[in-house]
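Listed below are the residues making up each chain.
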Amino acid sequence: MSNVTGKGDVLRFFINGKKVTENHADPETMLLSFLREKLRLTGTKYGCGGGGCGACTVMVSRYQPATKTIIHYSANACLLPLCQLHGAAVTTVEGIGSTKTRIHPVQERIAKAHGSQCGFCTPGMVMSMYALLRNNPQPTMEDITQALAGNLCRCTGYRPIVDGCRTFCQEANCCQDNGAGKCCLNVEENTDEPGHEKPQLFDKEEFLPLDPTQELIFPPELILMAETAKPQTLTFHGERMSWVSPASLDELVQLKTSNPKAPLVMGNTNIGPDIKFKGVLHPLIISPTRVKELFEVTQTQQGGCLGGSGLQSVRVRSLLEKLVPQFPEEKTELFRALIQQLGNLGSQQIRNVASLGGNVMSAYPNSDLNPVLAAGNCKVSVILNGGRREVPLNQDFFVSFGKTILKPEEIVVSVFIPFSRKGEFIRAFRQAPRKESSFATVTTGMRVFFSEGSRMVQDVDVYYGGLGPTTVSAAKTCAAIVTRPWDNETLSRAYDILLDELVLPPSAPGGKVEFRRSLTLSFLFKFNLEILLKLREMNVITDEFPEKMQIQPLPREIQPSVQEFQDVSKRQSDQDPVGRPIMHRSAISHATGEAVYCDDIPRTNGELFLALVTSSRAHAKITGLDMSEALQLPGVVDVITAKDIPGKKVRTMFGYPEELLAESEVSCVGQIICAVVADTRAHAKRGVAGVKISYEDLPDPIFTTEEAIEKSSFFEPRRVIERGNVADAFKTVDHLYEGGIRMGGQEHFYMETQSMLVVPVGEEMEFNVYVSTQWPTSTQGAIAETLDIPSNRVTCHVKRMGGAFGGKVTKTSILASITSVAAWKTNHAVRCVLERGEDMLITGGRHPVLGKYKVGFMNDGRIVAADIQYYINAGNTVDESLLVVEKILLHIDNAYNIPNLKGRAAACRTNLPSNTAFRGFGVPQSIMIVENMVNDVAVVLGRPADQIREINMYKGPSVTHYKFEFSPENMLRCWEECKVKSDYSARCRAIDQFNQQNRWKKRGMSIIPIKYGIAFAESFLNQAAALVHIYKDGSVLVTHGGTEMGQGIHTKMQQVASCELHIPPSKIYISETSTNTVPNTCPSAASFGTDANGMAVQNACQTLYQRLEPIRQKNPKGSWESWVTAAFFEKISLSATGFYRGPDLYMDWDKMEGQPYAYFTFGACCSEVELDCLTGDYRTVRTDIVVDIGRSVNPSVDIGQIEGAFIQGLGLFTLEELKFSPSGLLYTRGPSQYKIPAVCDLPLHFNVYLLSDSHNPHAIYSSKGIGEPILFLGSSVFFAIKHAAAAARLECGLIGPFSLDSPATPEKACLACASPFTQKIPASKPGSFKPWALNI
Ligand SMILES: Cc1cc2nc3c(=O)[nH]c(=O)nc-3n(C[C@H](O)[C@H](O)[C@H](O)COP(=O)(O)OP(=O)(O)OC[C@H]3O[C@@H](n4cnc5c(N)ncnc54)[C@H](O)[C@@H]3O)c2cc1C
Ligand code: FES
Ligand code: FES
């Protein structure tokens, strides 16, 4: 190591206009932890730590002395090394506005447009948008969607966020398709009757104008510093790492020569994740961000441009964009191909920091730039101590995974990007699991050069990424093309050679082998089509080129949409908020970053952090647990094992025991064995690595449902339900068909991971627990049992959760119990916040399902009998799986009256992490199998699926298969209205026409109904309580048993209290849910939260209102405050509890009958997609949803639930894939590997209509539960994809039912289309190889 010892420098930068001087900046510290832990600026959130979620977005501003300009860009604080911020100004969400001063228009608009639910993603959204507006106060919709592409939201479905941000667009930009200069948000646009305004979710006239002069100014001190300070080396030393930032190229070269192993950190988007996730330790980091030669741009004699290796992707892109119009088109082929790839690389935040040199030198196998740079004949200019050299970026450059031909001490100074020549064409293609903000599955750069005026190929280069450990060249294929004419004969040979040349073994890492191989061919074919068009355009060839063969890009512009709901009655008092679209009561706090989540609670003195040690084996005996090394590490206080648990070590559900901490045996990878407690998060994590566990593997772990079936590994009881006589009915039908579908699981991916803080009060075993849970009572009980103390010593507080979706019902109590043992043993407050990867590994998710069916039906489409069998993969413990099994069987009828219907379901016990409740609780899986069956019936009969659905629907007074009477009238109304609103028939015809006109793109559409049972079949859970206090000043504090996870329950409860007490909502506050105010609560689940708690709050408020009645009568003109004061003096109690004894529901499984639901929520949804059959890429072009939710208590909250659930369902059925290794390890442990829907997945037209004039006598104010039902309707996109794939198959003469498993990812959709290219790929024989991932 040279020049880097000695005293470190002082780091100086600004945060929110305030100077920060850090004398001991640790190179391991990222800005995010500095903000959150040191400065207590907790508005910036931690969602993943790897640049994949955007929750941590901040804006960085820097002064550029050369141009005397200030640049602003968004960045992920989790990947931004603190040491890199010298001289920068950082703006966080707290810096742009607050409720104490003024809120910023971005904060206001996202909040008031209902763009926040749980609010955890909101500060990140706000900052992405804010950074965009700082650079461009009047952005286009494209700018907005680009800016938000890397910000994940699990709650809202994005539509309201986009609509809030859309209000910043110039009107001309906001709704191009409206034409006539009318703004999309113009109220009249959505109004049927002129003169009558339909109610709107928000009023943009209310919004503060954006005034750029109000923004924080860039600190003059930093300008002075940049202008005057002499460049000098900066060094910083931390506990384990040193950081040196040289001020000149010479110094950089010297440093790298003497420290060849030290990485050069530019954007830190490669090194950062390596350090964090792979535990790589670099004792020295060199940060060359101040070496100006690395940022220079020159045009060269050779013809082209030389871009400094330090240039960030976004700057390279804008540089190329500037150059393109300056030169003839023929010269800028490479520039344009690079612009396209740079636009797709990561998210805006990543592109703002990731450098050109960093991308080349990271040598990622699926780098988007390298194949294009290589195909385009680029070179890197390299410097080392002995001098400079130029190295071509060709097949020899990339040596192996992450390695290039360059010596470790060599530095890339710049990249030469040449002009293309006349007759030269360069294209880039990529296909990724998600359209945006996702590494490519396969990515490619292709170049061809023709002899002048001819189709003879002089030179050709084809490079691929994603097909092995490096960027690869298809050299043999190119050799077969060069010197030959570009025609069908040449290309046909080329496809065959390519297939032989780029072989992927069937067990290749990353899987998707057939898909990846077929993409290599599809991309070459796409290239071929584009080149043929070009050659025709240039009159070089005259080949026929039917329009049908051309491929236009998929549409992408998000259009304004409709949200229709019924206005409140004219008779309703203006003050009464029930039925009105009231903003989420915490929306402004979300948007300002002031909302407090569990991990935002300030650290208490002596607080410790707990990190979990989990099993690395799927099924094994624990033969040794050595914690000696961990206990020696700095900061480690203790290691908690099962032996430390003073009370119950095991919890029992349905008779099956589950250990809190495994003692002698483990049954899945990720099972918790012990926990390290240390003074800081970092120390606890290092302690985890220091715990050594030895195992003895046990034979034959079970992973897949098939294995479980074969070995009869089930959690009992298995359930059966039957009405009619299926076996007999099968004998009478015209057709019998057997089919099935496999449906993958789903990760909750709540943005806030599992979090808790257990604080010992210090006397009589009293504990205060701050926890992110849907069920505080269960957590309280679990802790009490674990510590062997009465429940009255444990108070659980839940202020809010950053999303939950069922994942914080049972799993949290295990984690909180372990944390409480640590708090009890150490007598210190102990905090546990799971890392995203740990959370995904440990806590399970939605059950994957294998569904099989036999169906009997008549020629006229009537389904007479169906026998449906479900196997759910429960994992290693029972959790709630048996209840999921039951709910599955209760929904096998969905909307259909099938006279002979049988369902069987079993929970398979496997050696995977235990699965649990997830929004819908088995219903999405249940109905998916049913709808697939109905779809198959339609295909067999050659009839449109909607007709078969209609024929079989319940009509008139109806009875379900469990003998529950109901009226399907509103279900049928939803269905009919959905057909009308979506213009179903006309669009069916348009789709047929589109499909005839397009060979390689197909459109598909489907319309799907839902009937969803609300409330708990376990009757005791249908109860709720509330406690309402009126204080002497007239302010009201409401507490109830529901927990706020973003679904807006507190907002609705505030509306209920406001309505019942006849006071404005502003007088009512809800602070938290806590076990010492409302005891013995039920989980906020089953879409029943508002129904139950609303009644309890109503009950309490009515009691109080009646108590005030005599006072009011005495002084009818008095104010609320005067009545309250008078009541106090008259010794009237101003506090009341409320209680709701819900319906007595039941299900008798022996008799196969019952009344398990209070009522049904109905809906129907129509979605249309456009599918690229060559790549499987698709766009949802339009979705229309009609939902019957009775009379909505709050249309904005309810529409938010509908949109959010739909998008979560779209993720489930088309995008989200959990991948497990053959040894049972979850590969997909973060947003980089597991893709939840992002802004790019929003249907381009996304309309929601609440059914009007619907009433529900079973719930508060005639409303209906809505949290879960609509999730299933995301499957309309799945079935639309299947419809499109069927049209593609028809082109190859394939008719009849075909299998498409869920999720219908681009991989599955592409293979289902059975293009001539996918058909060329030889399928590997199952059983002849070990696949990379299991099909669980
Ligand atoms: C969430 C996320 C999404 C992403 N998505 C994509 C994507 O879609 N497509 C894609 O192509 N990439 C993607 N990336 C990868 C990203 O583009 C690369 O990590 C990035 O370009 C590397 O640049 P950097 O400046 O951050 O490198 P750093 O992490 O700072 O450095 C990376 C490596 O390059 C070396 N290095 C850097 N500069 C030089 C130099 N001048 N000379 C010699 N060695 C040098 C360093 O020593 C280090 O080993 C993604 C990354 C993340 C985190
Ligand atoms: S926490 Fe930084 S991107 Fe997820
Ligand atoms: S509101 Fe976006 S994650 Fe909850």
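Going along each chain's sequence as written, the residues are numbered from 1 onward. Naming scheme: in the order in which they are written, chains are lettered from A and ligands are numbered from 1. Given that the model is predicted, a residue must reach a pLDDT of at least 70 before its local features are reported, and side-chain atom pairs must reach 80 or more before they are shown or counted; all residues, however, enter totals for whole chains, interfaces and linings. The side-chain numbers reported here are obtained from all heavy atoms of the structure, hydrogens and water having been left aside.

Draft legend 1. Region of interest: the pairing of strand β37 (residues 900-909). Across the ten residues that make up β37, a large majority, seven, are buried. Following DSSP output, two strands are said to pair if at least two bridges run between them. For helices the rule is a DSSP run of H or I covering at least 4 residues; for strands it is a run of E covering at least 2, with both sets numbered from the N terminus onward. Note: strand β29 (residues 714-723) against β37, seven bridges, orientation antiparallel. If you follow F715 over to β37, its bridge partner there is A907. Relative to β37, strand β36 (residues 863-875) runs parallel, the two sharing ten bridges. Each residue of the ladder has a partner; that of D867, found in β37, is K902. Between buried and exposed lies partly exposed: a residue is buried under 20% and exposed over 50% of the maximum accessible area for its type, with that area taken using a 1.4 Å probe on protein chains only.

Draft legend 2. Spotlight on the sheet that holds strand β35 (residues 849-857). Taking strand neighbours across the sheet as the criterion, the five strands line up as β29-β37-β36-β35-β30 in an open arrangement whose pairing is mixed. Among the strands making up the open sheet, the edge pair consists of β29 and β30 (735-743). On average, each strand axis in the sheet is inclined to that of its neighbour by 10 degrees, with strand direction left out of account. Against the sheet, helix α28 (residues 923-941) makes contact with β30, β35 and β36, and its axis sits at roughly 40 degrees relative to β35, the strand it touches most. Lines fitted to C-alpha atoms define the axes, with helix axes restricted to the stretch in contact, and inter-axis angles between N-to-C directions lie between 0 and 180 degrees. Whether two residues touch is decided by their heavy atoms; if any such pair falls within 4.5 Å, the residues are in contact.

Draft legend 3. Structural view of the environment of F1317. In this fold, F1317 is placed in helix α38 (residues 1316-1320). Sequence separation of F1317 and Y495 is 822 residues, and the distance between their C-alpha atoms is 8.6 Å. Every residue in contact with F1317, bar those within four places of it in the chain, is listed here: Y495, S518, L521, S522, F525 and L1174.

Draft legend 4. View of the packing of helix α5 (residues 141-148) against helix α6 (residues 159-166). For the pair α5 and α6, interaxial distance at closest approach is 10 Å and the crossing angle is 130 degrees. By the angle between their directions, the pair α5 and α6 is classed as oblique. Both α5 and α6 take part in a crossing whose hand is right-handed. Between α5 and α6, the contacting residues are M141, I144 and L148 on the first element and I161, V162, C165 and R166 on the second. Partitioned by chemical class, the residues of the contact of α5 with α6 number six nonpolar, no polar and one charged. Orientation categories follow fixed angle ranges, with anything under 35 degrees roughly parallel, anything over 145 roughly antiparallel, 65 to 115 roughly perpendicular, and all other angles oblique. Crossing chirality is assigned from the near helix's rotation relative to the far helix, an anticlockwise turn below a right angle marking it left-handed and a clockwise turn marking it right-handed. Here the nonpolar group is Ala, Val, Leu, Ile, Met, Phe, Trp, Tyr, Cys and Pro; Asp, Glu, Lys and Arg are the charged ones; every other residue, Gly included, is treated as polar.

Draft legend 5. Looking closely at the site of ligand 1. Think of it this way: one heavy atom of a residue within 4 Å of a molecule or strand is enough to make that residue near it. Around ligand 1, 32 residues are found, and the nearest of them are M266, G267, T269, S355 and D368. Take I271: an N or O atom from its main chain is 2.9 Å from an oxygen atom of ligand 1. Out of a free accessible area of 970 Å², ligand 1 has 94% covered by protein chains. At the level of secondary structure, the elements contributing two or more residues to the shell around ligand 1 comprise α14 (356-362) and β15 (411-418). In terms of residues, the shell around ligand 1 owes the most to one element, α14, which gives five residues. Partitioned by chemical class, the residues of the shell around ligand 1 number 13 nonpolar, 16 polar and three charged. Contacts described as polar in this section are N or O atom pairs within 3.5 Å, which, within protein, must combine one atom able to donate a hydrogen with one able to accept it, while residues neighboring in sequence count only if both atoms come from side chains. Accessible areas in this description were obtained via Shrake-Rupley with a 1.4 Å probe; residue shielding takes into account the shown protein chains only.

Draft legend 6. Quick peek at the side chain of K534. Considering the arrangement of structural elements, one finds K534 in helix α18 (residues 513-537). Excluding residues within four positions of it along the chain, K534 makes contact with E329, F425 and R427.

Draft legend 7. Looking closely at helix α1 (residues 31-38). The set of residues buried in α1 consists of L31, L32, F34, L35 and R36. Against β1 (11-15), β2 (18-22), β3 (57-64) and β5 (89-91) lie the buried residues of α1. Looking one or two residues past α1, R40 carries a phi angle of roughly 60 degrees, positive in sign.

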